[in-house]
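Residues per chain, in single letters:
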Amino acid sequence: AQSVSQHNHHVILSEAASLELGCNYSYGGTVNLFWYVQYPGQHLQLLLKYFSGDPLVKGIKGFEAEFIKSKFSFNLRKPSVQWSDTAEYFCAVHALYSGGGADGLTFGKGTHLIIQP
Amino acid sequence: AAGVIQSPRHLIKEKRETATLKCYPIPRHDTVYWYQQGPGQDPQFLISFYEKMQSDKGSIPDRFSAQQFSDYHSELNMSSLELGDSALYFCASSGNRVSTGELFFGEGSRLTVL
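Here is a short report on the structure shown in this document. The structure presented is a predicted model; accordingly, all values stated were derived computationally and were not measured.

## Some remarks on the overall build of chain A
Helix and strand counts for chain A stand at 0 helices and 12 strands. Of the regular secondary structure in chain A, the N- to C-terminal order runs β-β-β-β-β-β-β-β-β-β-β-β. The C-alpha atoms of chain A give 14 Å as radius of gyration, which agrees with the globular expectation for 117 residues (13 Å, within 12%). Principal axes of the C-alpha set define a box for chain A whose edges measure 50 × 30 × 20 Å. By the burial criterion, 48% of the 117 residues in chain A qualify as buried. Counting only contacts in chain A whose residues sit at least 6 apart along the sequence, the fraction spanning at least 24 positions is 57%. As displayed, chain A offers around 5400 Å² of accessible surface, 54% of which is attributable to carbon and sulfur atoms. Seen as two clouds, the 8 positive and the 8 negative side-chain charges of chain A have centres 3 Å apart.

Written out as structure tokens, the structure reads:
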């Protein structure tokens, strides 16, 4: 079974600082990768996704992530954060089995990001 | 665009009571997933359905059951509620059997067990 590890559980930054949130997964096969954001009291929203192709993917709100297959990593980045980026960020993995499958995503434990004005 | 609809948004129950949560997927989505998110926790996969049949099962307690109906909406039934069942329950849907894993989440149903 696959697992996801997010390195930082809590991150506090000042506005305009650069952000990088680490995500590593363990699974030997092909995966699709996601970052979801959950603003306080709200539901999970997709930030970006990687299925195949260019390993550097761009998402909404200026976020991007880079898939490094050799490191089993999918780190999230943003050059300059804003106060409104305060939220919980979840990395998630979907393992592609040879027979397809409708099993759920495996989420990391999440990173609570606080941006100070 | 239409999103995943969950009801009720908030629910308060006593221990040992029963609760039912409903989920209406995005139109033409045939797969529904249920997740449980405890306070400060990551979402935990409970169960999924494809074309009205159970597809995969995660960490769903035996006290819980779920089904998907002919109109593709799904219901999660929870019996003998315990304090630890207090959580945010998310439903998500996707649109194809060979899933890419991309899920569209509803706003969740917050269950509080007293």
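From this point, things continue past the structure.
## Focus: the interface of chain A and chain B
With 22 residues of chain A at the contact, the number on the chain B side is 24 residues. Surface buried jointly by chain A and chain B totals about 1800 Å² across both partners, of which 56% is contributed by carbon and sulfur atoms. Connecting chain A to chain B are 2 salt bridges. Taking the shortest distance from any N to any O, the salt bridge between A:Lys109 and B:Asp42 comes out at 3.5 Å. Counting across the chain A and chain B interface gives 5 residue pairs in polar contact (both at pLDDT 80 or more). Secondary structure elements with two or more residues in the side of chain A that touches chain B: strand E5 (31-38), strand E6 (44-50) and strand E10 (87-95) of chain A. It is E5(A) that contributes the most residues to the side of chain A that touches chain B, 4 residues altogether.

## Details of the nonpolar core
By size, the foremost hydrophobic cluster in this structure holds 30 residues, and its most contacted members are A:Trp35, A:Leu48, A:Phe74, A:Leu76 and A:Tyr89. Top contributing element to this core by residue count: E10(A), with 5 residues. In this structure, B:Cys23, B:Met78, B:Leu81 and B:Tyr89 belong to the second largest nonpolar core, which totals 22 residues.

## Considerations on the state of the cysteines
Inspection of every chain in the model, using the stated rule, returns 2 disulfides over all chains. A:Cys23 shares a disulfide with A:Cys91; S-S distance 1.9 Å. Taking the torsion about the sulfur-sulfur bond, which here is approximately -65°, the covalent link between A:Cys23 and A:Cys91 counts as left-handed. With A:Cys23 in strand E4 (residues 23-26) and A:Cys91 in strand E10, this pair connects stretches of sequence that are 68 residues apart. Here the two residues A:Cys23 and A:Cys91 agree in accessibility, since each one is buried. Here B:Cys23 pairs with B:Cys91 through a disulfide, and the sulfurs are 1.8 Å apart. Disulfide B:Cys23-B:Cys91: the torsion about the S-S bond is -60°, which places it as left-handed. Pair noted here: B:Cys23 is in strand E3 (residues 19-24) and B:Cys91 is in strand E9 (residues 87-94), with a separation of 68 residues, a long-range link.

## What to know about the pattern of salt bridges
Applying the stated rule across the entire model yields 11 salt bridges over all chains. Here B:Lys52 ties to B:Glu51 by a salt bridge, and the two come within 3.8 Å at their closest N and O atoms. Among the residues examined, B:Lys52 registers a relative accessible area of 37% and is labelled partly exposed. Residue B:Glu51 is classed as partly exposed on the basis of its relative accessible area of 28%. Salt bridges linked by common partners bring A:Lys58, A:Glu64, A:Glu66 and A:Arg77 together as one network.

Parameters at a glance
- Residues numbered from 1 in each chain as written.
- Chains lettered and ligands numbered in written order.
- Predicted model: local features only at pLDDT ≥ 70, side-chain atom pairs only at ≥ 80, totals over all residues.
- Heavy atoms only, no water.
- Helix = DSSP H or I, 4+ residues; strand = E, 2+ residues; numbered from the N terminus.
- Rg over C-alpha atoms; globule rule 2.2 N^0.38 Å.
- Buried < 20%, exposed > 50% of the residue type's maximum accessible area, 1.4 Å probe, protein only.
- Contact = heavy atoms within 4.5 Å.
- Areas by Shrake-Rupley, 256 points an atom, 1.4 Å probe, with all protein chains shown as cover.
- Lys, Arg positive; Asp, Glu negative; His and termini not counted.
- Charge placed at Lys NZ, Arg CZ, Asp CG, Glu CD.
- Buried area = accessible area lost by both parts, 1.4 Å probe.
- Salt bridge = Lys/Arg side-chain N within 4 Å of Asp/Glu carboxyl O.
- Polar contact = N/O pair within 3.5 Å; in protein donor to acceptor, adjacent residues only side chain to side chain.
- Core = buried A, V, L, I, M, F, W, Y, C linked by side-chain atoms within 4.5 Å.
- Disulfide = S-S within 2.5 Å.

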